Amino acid sequence: MIRIPWWRTDLGREEADRLGQAVFDRTINQGRLCRELEERIAQRLGANHVITCASGSAALALALLACGVKPGDEVIVPAATFIATAHAVLLVGGRVCLVDVLPDRPLIDPAAVAAAITPRTRAIIAVHLNGGGCDIGALKRFGLPVIEDSAQAFCSRGTESWLGTSGAAGTFSMSIAKLLTTGEGGFLVTGDDATAVAARRLRNQGVDLIGDNVFNRFGFNFRLTDLQAAVGLVQLDRLDDKIGAVTEVYRFYREALPGLSLIPVDLQGGEVPLWTQAMSGDRDRLQVSLAARGIQLRPFNPCLADCEHLRTPGDFGNARRFAAQGFTLPSGPNQPRADLEEVVTALNEVMG
């Protein structure tokens, strides 16, 4: 039985009250609460346009379509990421072109991108994992649209700006294991007016207004609802506290586990460690041993090049190493200090 899960967040009475009020006010479908959520996120990130949608995956699909990706186009994707990144490319008919990541952090390697570009390449997806920022400046030099998958990087800063705000579009998730959660949900950020117009139409079956019966563009139903936005607005009110909490979790583990190799997060540079993650050649034994004590360690996702429907030949040594050795420690803005101390005690005992 799991007593200490890998993620613990805070949803409670305030969210329930705001959700109930939305029901009583009949603010149900995408409407004024979604617009308010968009405006507040835009203000937080200093963004020109924020477009809420059904999920982070939907945001990625919208970004790809709005940036002109068509069936048969190649899109470069890092081999170390959640499968949703690649699935968004497949959803819009693109071809996934996998590349390796850097040796010290599982972020896309610009040198690998340079070697993978062909005349069919239409876009690059840079995945900011766990608040760690990719080198967007280096990727933009290739002259292709760079889409920032920032599902794990809301309110993390890069060298010049908030992650997700420098490329052609940035995409974010509001699923349950994120700082800002609506259960499921996501949003797209862009500084380009044309991209924003395209994305808004695409999330709404290609039309400007449901009920106008002018069906002359392609699109999906990728809308968020005001019910979900009601929860998100309460979450935004607590955002700074949540950022402080997950940052303190990372600091605690870093100081209490000197014998464990944590994947670095640049706190001084403004990166936010959504989760605390580590590497160990003994990862699987640690996972089994802590599970026997009711403590959940979450292994990293597999290297995408080894997934059956994405199998890709080539050298993905760094991505495979992260997949084999990486794991997430119990994290989250509502993880009790006593639980963190129990995790540390257990790990130190198991590691000897």
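In case you missed it, the structure is sitting above this.
Residues numbered from 1 in each chain as written. Predicted model: local features only at pLDDT ≥ 70, side-chain atom pairs only at ≥ 80, totals over all residues. Heavy atoms only, no water.

Peer 1: Just checking my understanding: could you explain the overall build of the protein for this structure?
Peer 2: Regarding its fold elements, the protein presents 12 helices and 11 strands. A compact globule built from 352 residues should have a C-alpha radius of gyration of about 20 Å, and the protein, at 20 Å, falls within 12% of that. Dimensions along the principal axes, computed over C-alpha positions, put the protein at roughly 65 × 55 × 35 Å. Residues counted as buried form 57% of the 352 residues belonging to the protein. Across the protein, contacts joining residues at least 24 apart in sequence account for 66% of those joining residues at least 6 apart. Accessible surface computed for the protein: about 15000 Å², of which carbon and sulfur atoms make up 51%. Separation of charge centres in the protein, based on 35 positive and 39 negative side chains, amounts to 3 Å. (Helix = DSSP H or I, 4+ residues; strand = E, 2+ residues; numbered from the N terminus. Rg over C-alpha atoms; globule rule 2.2 N^0.38 Å. Buried < 20%, exposed > 50% of the residue type's maximum accessible area, 1.4 Å probe, protein only. Contact = heavy atoms within 4.5 Å. Areas by Shrake-Rupley, 256 points an atom, 1.4 Å probe, with all protein chains shown as cover. Lys, Arg positive; Asp, Glu negative; His and termini not counted. Charge placed at Lys NZ, Arg CZ, Asp CG, Glu CD.)

Peer 1: What is the right way to look at the side chain of T52 in this model?
Peer 2: As for its position among the elements, T52 is in strand β1 (residues 49-53). With relative accessibility at 0%, the residue T52 sits in the buried group. Residue contacts for T52: discarding those within four places in its chain leaves C34, L37, E38, G186, F187, R203 and L224.

Peer 1: What am I meant to see in helix α4 (residues 83-91) here?
Peer 2: Since there are 3.6 residues in each turn of an α-helix, residues three or four apart along the chain are aligned in direction. Among all positions of α4, only A84, T85, A86, A88 and V89 are buried. As for α4, its buried residues are in contact with α3 (56-66), β2 (74-78), β3 (95-99), β4 (121-127) and β5 (146-149). Once α4 finishes, G93 follows within two positions and takes phi at roughly 90°, a positive value.

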